[in-house]
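If you want the building blocks of each chain, they are given just below.
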Amino acid sequence: MKSPFVSRRDFLKTSTLAVAGLPLLGALAAEPKRKIGFALCGLGNLSTHQIAPALQQSQFCRLAGIVTGTPAKAARWKAQYNIPDRSIYNYDTMAQMADNPDIDVVYVVTPNALHAESAIKAAKAGKHVLCEKPMEVSVEKCQQMIDACREAKRQLAIGYRLHFEPNNLECVRLAREKVFGGLKSIKAGFGFAIGDPKQWRLNKALSGGGPMMDVGIYALQAMRYLSGQEPVSVSAIATTTDKVKFRDIEETLAWQMKFPGGILASGNTTYGFDGNNFFTAQAERGSFGLEPAYNYHGIQGTRSDGKTIELPDMNQFAAEMDDFAQCILENRPTRVPGEEGLRDVKIMMAIYEAARTGQAVNL
Ligand code: NAD
């Protein structure tokens, strides 16, 4: 199945559920014969506060194992989630997963530049891989992940949770059905004031880049799923007001992209200040957009005809994992494959090149 963000027919199928206010996925499905076992690899903030709780709410998944380099975390998670010793791994013992039928999927939730390492180990152990965004820090490493999963005949999905979020899906519908006519321009931004100067997000070797890789990617995704097209050229400017804190990465980045049909997209992202979390699509006869657009909860928006966009909240991580579990159970492709993650990384590398050289880069 293609992405509903790309294919109109599939989109309509999904959005009908969204508009009806039903849970997006699994609403019409029978109880699963068995739940897909997920091992969380990297037990940081996202795993602890979003993914593990979402697994408890999911319909087709269960928390079956963990991969951590910190023994104290292993003990805590074992007690909290009743994880058997044989399903607790560290980064060096992942090959032993090959003998563990309880684990079907490894969900990679480590710093960006460590995604390929764990994803490839998981694929070699015969596991499907769900990997957090951004997929990796270079095109080459993304391709290695795709190749490893293909070789192992296992699925690879990227954690693009907004492909399952009803308000974002509704905006894709407005764009695809040309409710306000054809799109002319898209503006999108996502940023926040980053705290701890010692965290890996500020270290290029681990993050691959600054806010562009971390949250600008959501604005880039919005441009791609709203337009339904791939950009043909990009230009960009990166700046910093704090050369100590942001010595390794950009603090703020603004970029522009041209799409083949002539749509112009303008994006910005920052680690310097709070408040940017939106997209607006301008079309021939009006406009629509979301603000906030990318949060876990409370996404809402407006249309130029005075209507609001405010479809019910749901757990995006549970929906994303349930969809992947169903893809595995039914042996069908994911709508957010590795190739989708690779496309974003390719474009982000072009954005960085444009910012570095001051020249537009053709894609
Ligand atoms: P985090 O720093 O809270 O957690 C990272 C985990 O990786 C920690 O448990 C840490 O111990 C482990 N780790 C392993 N090797 C490490 C090393 N060499 N250096 C540092 N940490 C190491 O980060 P996070 O916020 O949980 O982000 C993890 C991934 O999830 C990132 O790729 C990030 O982009 C992604 N993420 C996605 C979303 C989303 O909404 N989909 C939100 C937040 C983060």
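Scroll up to find the structure.
Residues numbered from 1 in each chain as written. Predicted model: local features only at pLDDT ≥ 70, side-chain atom pairs only at ≥ 80, totals over all residues. Heavy atoms only, no water.

### Here we look at the environment of Ile66
The condition is simple: Starting at the N terminus, helices and strands are each numbered in turn, a helix being any DSSP run of H or I of at least four residues and a strand any DSSP run of E of at least two. In this scheme, a residue with accessible area under 20% of its type's maximum is buried, one over 50% is exposed, and one in between is partly exposed, where area comes from a 1.4 Å probe on protein chains only. Note on definitions: a residue-residue contact is assigned when non-hydrogen atoms from the two residues lie within 4.5 Å.
For Ile66, the position within the fold is in strand S2 (residues 61-67). On the basis of relative accessible area, Ile66 is assigned to the buried category, the value being 0%. Remark: the alpha-carbon pair of Ile66 and Met94, spanning 28 residues in sequence, is separated by 9.9 Å. Other than its neighbours up to four places away in sequence, Ile66 contacts Ala39, Leu40, Leu43, Ala74, Trp77, Ile83, Ser87, Ile88 and Tyr89.

### Here's the deal with the site of the ligand
For clarity, the threshold we go by: Residue proximity to a molecule or strand is established when one non-hydrogen atom of the residue lies within 4 Å of it. Here a polar contact means two N or O atoms within 3.5 Å. Within protein one must be a hydrogen donor candidate and the other an acceptor candidate, and residues neighboring in sequence count only if both atoms are side-chain atoms. Here the Shrake-Rupley method, with its probe set to 1.4 Å, supplies the accessible areas, and only the displayed protein chains count as covering residues. Note on residue classes: Ala, Val, Leu, Ile, Met, Phe, Trp, Tyr, Cys and Pro are nonpolar, Asp, Glu, Lys and Arg are charged, and everything else, Gly too, is polar. Where each domain starts and ends comes from a domain assignment, either automatic or drawn from a database.
Close contacts around the ligand come from 24 residues, with Asn45, Asn112, Lys133, Arg161 and Trp200 the closest. In the model, an oxygen atom of the ligand is placed 3.2 Å from a nitrogen or oxygen of the Thr110 main chain. Out of a free accessible area of 830 Å², the ligand has 78% covered by protein chains. Elements with a contribution of two residues or more to the shell around the ligand: helix H2 (45-57) and helix H8 (211-227). Its residues placed into classes, the shell around the ligand shows twelve nonpolar, six polar and six charged. Split by domain, the shell around the ligand shows at least three residues from each of two domains, domain 1 (32-161) and domain 2 (169-312 + 341-362).

### Re the side chain of Thr269
Here Thr269 lies in strand S10 (residues 264-270). For Thr269, the side chain forms a polar contact with the main-chain oxygen of Pro211, separated by 3.3 Å. Once residues lying within four places of it in the same chain are set aside, the contact partners of Thr269 are Phe190, Pro211, Met212, Val215, Gly216, Glu251, Thr252, Leu253 and Trp255.

### Concerning H2
For clarity, the threshold we go by: A helix's residues, less one, multiplied by 1.5 Å, set its expected span. Given a residue, its bend is the angle between the two axes fitted to the seven residues that end at it and to the seven that start from it.
With 13 residues, H2 extends 18 Å from end C-alpha to end C-alpha; this agrees with the ideal 18 Å at 1.5 Å per step. Most pronounced at Ile51, the bend in H2 amounts to some 30°, and the proline Pro53 follows within four residues. Listed in full, the buried residues belonging to H2 are Ser47, Ile51, Ala52, Ala54 and Leu55. Where H2 is buried, its residues touch strand S1 (36-41), S2, helix H3 (71-81), strand S4 (105-108) and helix H9 (316-329).

### Considerations on the packing of helix H6 (residues 166-176) against H8
Put simply, the rule reads: Axis angles are defined between N-to-C directions and span 0 to 180 degrees, where every axis is a line fitted to C-alpha atoms and, for a helix, only to the segment in contact. An angle below 35 degrees is treated as roughly parallel, one above 145 as roughly antiparallel, one from 65 to 115 as roughly perpendicular, and anything else as oblique.
At a closest axis distance of 8 Å, the pairing of H6 and H8 adopts a crossing angle of 40°. Taken as axis vectors, H6 and H8 run oblique relative to one another. Between H6 and H8, the contacting residues are Asn168, Cys171, Val172, Ala175 and Arg176 on the first element and Tyr225, Leu226 and Ser227 on the second. Residue composition of the contact of H6 with H8, by class: five nonpolar, two polar and one charged.

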